[in-house]
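Here is how the chains run, residue by residue.
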Amino acid sequence: MTATGDIRRAADRAVTRTPWLESRHSFSFGDHYDPDNTHHGLLLVNNDDVVAPATGFDTHPHRDMEIVTWVLEGELAHRDSAGHQGVIYPGLAQRMSAGSGILHSEKNDSATRPVHFVQMWIQPDEYDIAPGYQQQQIDDHLLRGGLVTIASGIARHDAAIKLHQRGAALHVARLDTGDTVDLPAAPYLHVFAARGTVTCEGVGDLGPGDAVRLTDADGRRLIATEPAEVLAWEMHARLGG
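Here the structure is a predicted model, which means the values were calculated and not measured.

A. Broad picture of the packing of aromatic side chains. Taken as a whole and judged by the stated rule, the model has two aromatic pairs. When the centroid spacing of 5.1 Å and the interplanar angle of 85° are considered together, the rings of W20 and F57 count as edge-to-face. Of this pair, W20 sits in the loop between β2 (14–17) and β3 (21–25) while F57 sits in strand β5 (residues 56–62), placing them 37 residues apart in sequence. W20 sits in the partly exposed class, given a relative accessible area of 25%. Between F29 and W121 the ring centres are 5.6 Å apart and the planes differ by 75°, which places this aromatic pair in the edge-to-face class. With F29 in the loop between β3 and β4 (43–51) and W121 in strand β11 (residues 115–122), the pair connects residues that are 92 residues apart, well separated along the chain. By relative accessible area, F29 is classed as partly exposed at 27%. Its relative accessible area of 15% is what places W121 among the buried residues.

Printed below as a string of structure tokens:
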């Protein structure tokens, strides 16, 4: 099969704005519903959030979802009803398995600086499990050495964090100008340019906040045209499949 690529531009994302939050949604989320943009592969949510100092999401529920958070700037304090708490910062990956049900809050841990993070939701392949939480520091020199698998349920991966989804993995890279990485070959691939500019071979250029959704991805190359940070979801199944 021939790989296809669908670029989604940052400016076309739906936006939720409140006095303390600016959240840009790659897929339908909350009051922003588009029946033609609900997911790609197993990825249901890719929210690009900026939260004002000393504010954040009050305690709220989740169920049967794998939620991965990656902080770009600042610090995010997590607390949940299973007794987990901690502060997430750049380079510290976090996964919360909502499972049979969990309550949690997410607050900017700084009184003076905003926090900027990407939160991603993946459909699990196990339901009604005990809620869980995992976090792991990823060394900067590893992230600058190529795509690093930071969260995965795929058996062949040696990932920092385990996902309760055997068909998905999240890879991250921090690239300097001219750096290249080879993207995974997979039935579904979602590549998000969290910052900086990259070129996806055979598809086109991605600027900050842009994403490309690849189907039948064939391991093509990603080239940084300026310093960049990219998040790539490799998926071997689709929602409901």
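B. Main features of the side chain of E229. Position of E229 among the secondary structure elements: in strand β22 (residues 228–235). Polar contacts involving the side chain of E229 include one to the side chain of R174, which spans 3.5 Å. Those residues within four positions of E229 in sequence are excluded, and the remaining contacts are W70, L72, V172, A173, R174, F192, A193, A194 and R195.

C. Representation of the sheet that holds strand β1 (residues 4–8) within the structure. Here seven strands make up an open sheet; going across it, the order is β1-β20-β17-β22-β15-β13-β14 and the pairing mixed. Each edge of the open sheet is held by one strand with a lone partner, namely β1 and β14 (161–162). Here strand β13 (residues 148–152) runs beside strand β15 (residues 168–175); their pairing, made up of four bridges, is antiparallel. Note on β15: the bridge partner recorded for A151 is L170.

D. Fine view of the pattern of salt bridges. Under the criterion given, the structure shown has 17 salt bridges. With a shortest N-O distance of 3.6 Å, R63 and D64 are connected by a salt bridge. The partner of E234 in a salt bridge is R156, with the nearest N and O atoms 2.7 Å apart. One end of the pair, E234, is in strand β22; the other, R156, is in the loop between β13 and β14, with 78 residues separating them in the sequence. R156 gets classed as exposed once you look at its relative accessible area, which sits at 58%.

E. Geometry of unusual backbone geometry. The backbone of A54 shows a phi angle near 55°, a positive value even though the residue is not glycine. Within the element layout of this structure, A54 appears in the loop between β4 and β5. On the basis of relative accessible area, A54 is assigned to the exposed category, the value being 56%.

F. Representation of the nonpolar core. W70, M120, I150, L170, L231, W233 and M235 are the most contacted members of the largest nonpolar core, which totals 27 residues. The set of elements that each furnish at least two residues to this core consists of β6 (66–73), β11, β13, β15, β17 (185–195) and β22. Sequence-distant contacts of W233, defined by excluding residues within four places in its chain, comprise L43, V68, M120, I122, L163, A168, A169, L170, Y188, L189 and H190. Counting residues in each nonpolar core, the second largest holds 18 residues, with L183, A193, C200 and V212 among its members.

G. Inspection of the sheet that holds β4 at higher detail. Sheet architecture is open: seven strands sit in the order β2-β3-β4-β11-β6-β9-β12, paired in antiparallel fashion. Lying at the two open borders of the sheet, with one neighbouring strand each, are β2 and β12 (132–137). With strand direction ignored, the average angle separating the axes of adjacent strands in the sheet is 20°. Pairing of β3 with β4 involves five bridges; the strand directions are antiparallel. Following the sheet pairing, L21 is matched in β4 by V51.

H. Quick look at the side chain of H104. Structurally, the position occupied by H104 is in strand β10 (residues 102–108). Look at H104 and you get buried, because its relative accessible area is 2%. Within polar-contact distance, the side chain of H104 engages the side chain of H62 at 3.2 Å. Beyond its immediate stretch of four places on either side in the chain, H104 contacts D58, T59, H60, H62, H78, R79, D80 and M96.

What counts, and where the lines are drawn
- Residues numbered from 1 in each chain as written.
- Predicted model: local features only at pLDDT ≥ 70, side-chain atom pairs only at ≥ 80, totals over all residues.
- Heavy atoms only, no water.
- Phe/Tyr/Trp six-rings, centres within 6.5 Å; stacked < 30°, edge-to-face > 60°.
- Helix = DSSP H or I, 4+ residues; strand = E, 2+ residues; numbered from the N terminus.
- Buried < 20%, exposed > 50% of the residue type's maximum accessible area, 1.4 Å probe, protein only.
- Polar contact = N/O pair within 3.5 Å; in protein donor to acceptor, adjacent residues only side chain to side chain.
- Contact = heavy atoms within 4.5 Å.
- Pairing = 2+ DSSP bridges.
- Salt bridge = Lys/Arg side-chain N within 4 Å of Asp/Glu carboxyl O.
- Core = buried A, V, L, I, M, F, W, Y, C linked by side-chain atoms within 4.5 Å.
- Axes fitted to C-alpha atoms, helices over the stretch in contact; angles between N-to-C directions.

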